[in-house]
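A structural walkthrough
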Amino acid sequence: MPSARLPLLLALLLPFASTCFPKQRRFQKFPENFLWGTATASYQVEGAWNADGKGVNVWDTFTHEGGHVVNNETGDVACDSYHKYKEDVQLMKSIGLSHYRFSISWSRILPDGTAASYNEKGMQYYRDLVDELTGNNIIPLATLYHWDLPQPLQDAGGWLNESIISYFEDYARICFQELGSKVKLWLTHNEPFETCWSAYGLGEDAPGYSDHPGTYPYQCAHNLIKSHATVWHLYNIRYRPSHHGKVGITLNVEWKEPKYANQTAAADRSLDFMLGWFANPIYVNGNYPQSMIDQVAMKSAAQGFKESRLPTFTSDEMNYIRGTSDFFGVNHYTTRLVEHHQNSPELVSFVADQDTLETFDPTWPRAASLWLYEVPWGMRKVLNYIRVTYGNPDILVTENGVSDHSGSLNDQFRIQYHSSYIANMHQAIQDGCKVIGYTAWSLLDNFEWALGYSEKFGIHQVNFMDPARPRKAKMSAGWFRELIKNNGQAES
Ligand SMILES: *[C@@H]1O[C@H](CO)[C@@H](O)[C@H](O)[C@H]1NC(C)=O
Ligand SMILES: *[C@@H]1O[C@H](CO)[C@@H](O)[C@H](O)[C@H]1NC(C)=O
Ligand SMILES: *[C@@H]1O[C@H](CO)[C@@H](O)[C@H](O)[C@H]1NC(C)=O
């Protein structure tokens, strides 16, 4: 311990020192055991689309159809991580990652989607990956559903068909059974907002439905939320006692900043439709946010629907859904300005239901992805919003990252992006948010869904022209190594 006199001495000298020397940069230290990782998803990196008995999934169908993805590119080979996972794990090890978030390809282990079609070779791939991770002291974090639904289940309606719930439960049971002794961190769903809006409403993602934007997204979400709760209960009752792990869900949210001080109601409504749609049932009361219930009921009635297009949960279902997450997974990239906008009453759409208009501040820097503006302070606001609105849960940042077109090794802009978002995450922790880890998207440049290989988020470059898919560390990978080694960064 320093003597009592030292602080006094420092206090006398400090004002003097700061005039003589450049200001000392403060260090943003993170809590002990803070998790630093990177994320990927099966369809975006694995390739091997028909290897070892894997079945066809909706993204195989969607990409092979043509017309949906930039240059009709596919994930047939992608980063070939199915064959190169050992090399991937060495990349992780060389930057000192504490965890790796990957997703399991449902159709790799259950080719037709059902338990009856179990494919041992597909499961072996995930056992090998998990063994490689744990053997290198990297914690595996597995996502059960990252958008690649087995095609036969899609043919029966996919997330619109309530029977998906028991298929998802069977699939999860097999994953817990086969991998649960080593995988202690699970996510049921990745970004259900995108599953139900981009894939079932907008039609940008597989299966590309865009004809029923005012009903399908709500029906999709209704089944998806139940599927999440079912799988959480399955784990809680059957596997938690022996496996002692955690099961959560990852929700994506843009910060919604009121465009003017008088627009907070519109911004809150926008957050309800994006985040609260899933978070309110799971973390608050088993039901949709009141603003959603009111908006969709009002619009539906005016449009002549007999009942609201937003389905209702029974009180038993609400009790079953409420509280079904052991931590709050959040993917956050960007921010929007929101104001009220009265939509024409005949528009039957999830977007029109919100009566909001979203814009961007022209001074915000934009990434290669048109939707991605760099607004680091949005991270602090999102984390605090989750703290206040959802009962101060443990929060795991499961994605955050930025894109360019070139995949250049000299990616200073990416270092700048991560550094400034991480600084705001550090401030959120000082504000009282219980953030337990940060996961950069992505370990590798990969197949960016409808944008194909035209947008690159990796901290490692992949040469997609070369059949061997060689990887190279970008500058940001070296920067992450330092960040992780120091468990923090100097304030910039
Ligand atoms: C992509 O596929 C669609 C449908 O087969 C075709 O019409 C289009 O010309 C293709 N585009 C390119 C760039 O090859
Ligand atoms: C829903 O799924 C079940 C079981 O797979 C199937 O029998 C039924 O036909 C499906 N319903 C629709 C409307 O596709
Ligand atoms: C909200 O504030 C903006 C900017 O101050 C102003 O132009 C607008 O008229 C206000 N709207 C309402 C409904 O008060």
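Residues numbered from 1 in each chain as written. Chains lettered and ligands numbered in written order. Predicted model: local features only at pLDDT ≥ 70, side-chain atom pairs only at ≥ 80, totals over all residues. Heavy atoms only, no water.

**Overview of the overall build of the protein chain**
When you go through the protein chain residue by residue, the secondary structure sums to 16 helices and 15 strands. Taken over C-alpha atoms, the radius of gyration comes to 23 Å for the protein chain, in line with the 23 Å a tight globule of 492 residues would show. Dimensions along the principal axes, computed over C-alpha positions, put the protein chain at roughly 75 × 55 × 50 Å. Relative to its 492 residues, the protein chain shows a buried fraction of 59%. Considering only contacts in the protein chain between residues 6 or more positions apart, those separated by 24 or more positions represent 77%. (Helix = DSSP H or I, 4+ residues; strand = E, 2+ residues; numbered from the N terminus. Rg over C-alpha atoms; globule rule 2.2 N^0.38 Å. Buried < 20%, exposed > 50% of the residue type's maximum accessible area, 1.4 Å probe, protein only. Contact = heavy atoms within 4.5 Å.)

**Here's the deal with the site of ligand 2**
Neighbouring ligand 2 are the residues Ala-156, Asn-161, Ser-163 and Tyr-167. Measuring from an oxygen atom of ligand 2, one finds a side-chain N or O atom of Ser-163 at 2.9 Å. Taking Tyr-167, its side chain carries an N or O atom lying 3.1 Å from an oxygen atom of ligand 2. Classifying every residue of the shell around ligand 2 gives two nonpolar, two polar and no charged. (Near = heavy atom within 4 Å. Polar contact = N/O pair within 3.5 Å; in protein donor to acceptor, adjacent residues only side chain to side chain. Nonpolar A, V, L, I, M, F, W, Y, C, P; charged D, E, K, R; others polar.)

**Digging into helix 8 (residues 164–179)**
Under the 1.5 Å per step criterion, the end-to-end length of helix 8 is 22 Å for 16 residues, consistent within 8% with the ideal 22 Å. Among all positions of helix 8, only Ile-164, Ile-165, Phe-168, Tyr-171, Ala-172, Ile-174, Cys-175, Phe-176 and Leu-179 are buried. (Expected span 1.5 Å × (residues − 1).)

**Re the packing of helix 10 (residues 216–243) against helix 11 (residues 264–285)**
Between helix 10 and helix 11, the shortest axis-to-axis distance is 10 Å and the interhelical angle comes to 35 degrees. Crossing handedness for the pair helix 10 and helix 11: right-handed. Together, Pro-217, Tyr-218, Ala-221, Leu-224, Ile-225 and His-228 of helix 10 and Phe-273, Trp-277, Phe-278, Pro-281 and Ile-282 of helix 11 make up the contact between the two elements. Split by residue class, the contact of helix 10 with helix 11 holds ten nonpolar, one polar and no charged. (Axes fitted to C-alpha atoms, helices over the stretch in contact; angles between N-to-C directions. Left-handed = near helix turned anticlockwise from the far one by under 90°.)

**Side note on helix 10**
The largest bend along helix 10 reaches roughly 45 degrees and is located at Ile-237, with the proline Pro-241 sitting one to four residues downstream. Most of helix 10 sits out of view: 20 of its 28 residues are buried. Of the residues one or two after helix 10, His-244 is the one with positive phi, at around 55 degrees. (Bend = angle between axes of the 7 residues up to and from the residue.)

**Structural notes on the confidence of the model for the protein chain**
When pLDDT is averaged along the protein chain, the result is 96; 95% of the residues meet or exceed 70. Scored below 50 in pLDDT, residues 1–20 makes zero contacts in the model with residues more than four places away or belonging to other chains. (pLDDT = per-residue confidence, 0-100.)

**Digging into the pattern of salt bridges**
By the definition in use, this model includes 27 salt bridges. For Glu-254, the salt bridge identified is with Lys-256, shortest N-O distance 3.1 Å. Residue class for Glu-254 comes out buried when judged on its relative accessible area of 11%. The shortest N-O distance in the salt bridge between Asp-404 and Arg-414 comes to 4.0 Å. Taken together, the residues span a long stretch of sequence, with Asp-404 in the loop between strand 11 (394–399) and helix 15 (412–431) and Arg-414 in helix 15 at a distance of ten residues. Here the salt bridges do not stand alone but share partners, grouping Glu-254, Lys-256, Arg-336 and Glu-358 into one network. (Salt bridge = Lys/Arg side-chain N within 4 Å of Asp/Glu carboxyl O.)

**So, the sheet that holds strand 4 (residues 139–145)**
The parallel closed barrel is built from eight strands, whose spatial order is 2-3-4-5-6-8-11-12. On average, adjacent strands in this sheet sit at an angle of 25 degrees to one another, irrespective of strand direction. As judged from the five bridges shared by strand 3 (residues 99–103) and strand 4, these two strands associate in the parallel manner. Among the inter-strand pairings, Ser-103 is bridged to a residue of strand 4, identified as Thr-143. Sheet strands touched by helix 11: strand 6 (246–252) and strand 8 (328–331). Its angle to strand 6, the strand with the most contacts, is close to 155 degrees. (Pairing = 2+ DSSP bridges.)

**Overview of empty space enclosed by the protein**
It is the rolling of a water-molecule-sized probe over the atoms that shows where space remains empty. For the structure on display, the rule yields four cavities of 30 Å³ or more. Forming the boundary of the largest cavity are 15 residues, of which Val-45, Tyr-100, Phe-102, Tyr-125 and Leu-129 lie nearest the centre. Here the element with the most residues in the lining of the largest cavity is helix 4 (residues 81–95); it accounts for four residues. Here the lining of the largest cavity is built from residues that sort into nine nonpolar, four polar and two charged. (1 Å grid on protein atoms, 1.4 Å probe; cavity = no way out; pocket = protein on both sides within 12 Å on 5 of 7 lines; lining within 4 Å. Points joined across faces, edges and corners; volume = space filled by probe spheres on them.)

**Digging into unusual backbone geometry**
Glycine aside, the phi torsion of most residues is negative, and most peptide linkages are trans. With an omega of 10 degrees, the peptide bond running from Ala-206 to Pro-207 counts as cis. Note that Pro-207 resides in the loop between helix 9 (192–202) and helix 10. Each neighbour pair has its own omega, and for Trp-441 with Ser-442 the value is 15 degrees, a cis peptide bond. Mapped onto the elements of the fold, Ser-442 is located in the loop between strand 12 (434–441) and strand 13 (460–462).

**Comments concerning the state of the cysteines**
In the structure shown here, the tally under the stated rule is one disulfide. Paired by a disulfide, Cys-196 and Cys-220 hold their sulfur atoms 2.1 Å apart. As the torsion about the S-S bond is roughly -70 degrees, the Cys-196-Cys-220 disulfide counts as left-handed. Of this pair, Cys-196 sits in helix 9 while Cys-220 sits in helix 10, and the two are 24 residues apart along the sequence. Residue classification places Cys-196 among the buried positions, given a relative accessible area of 0%. Free of any disulfide, Cys-175 has its nearest neighbouring cysteine sulfur in Cys-220, separated by 20 Å. A residue is classified by how much of its surface remains accessible, and Cys-175, at 0% relative accessible area, is buried. (Disulfide = S-S within 2.5 Å.)

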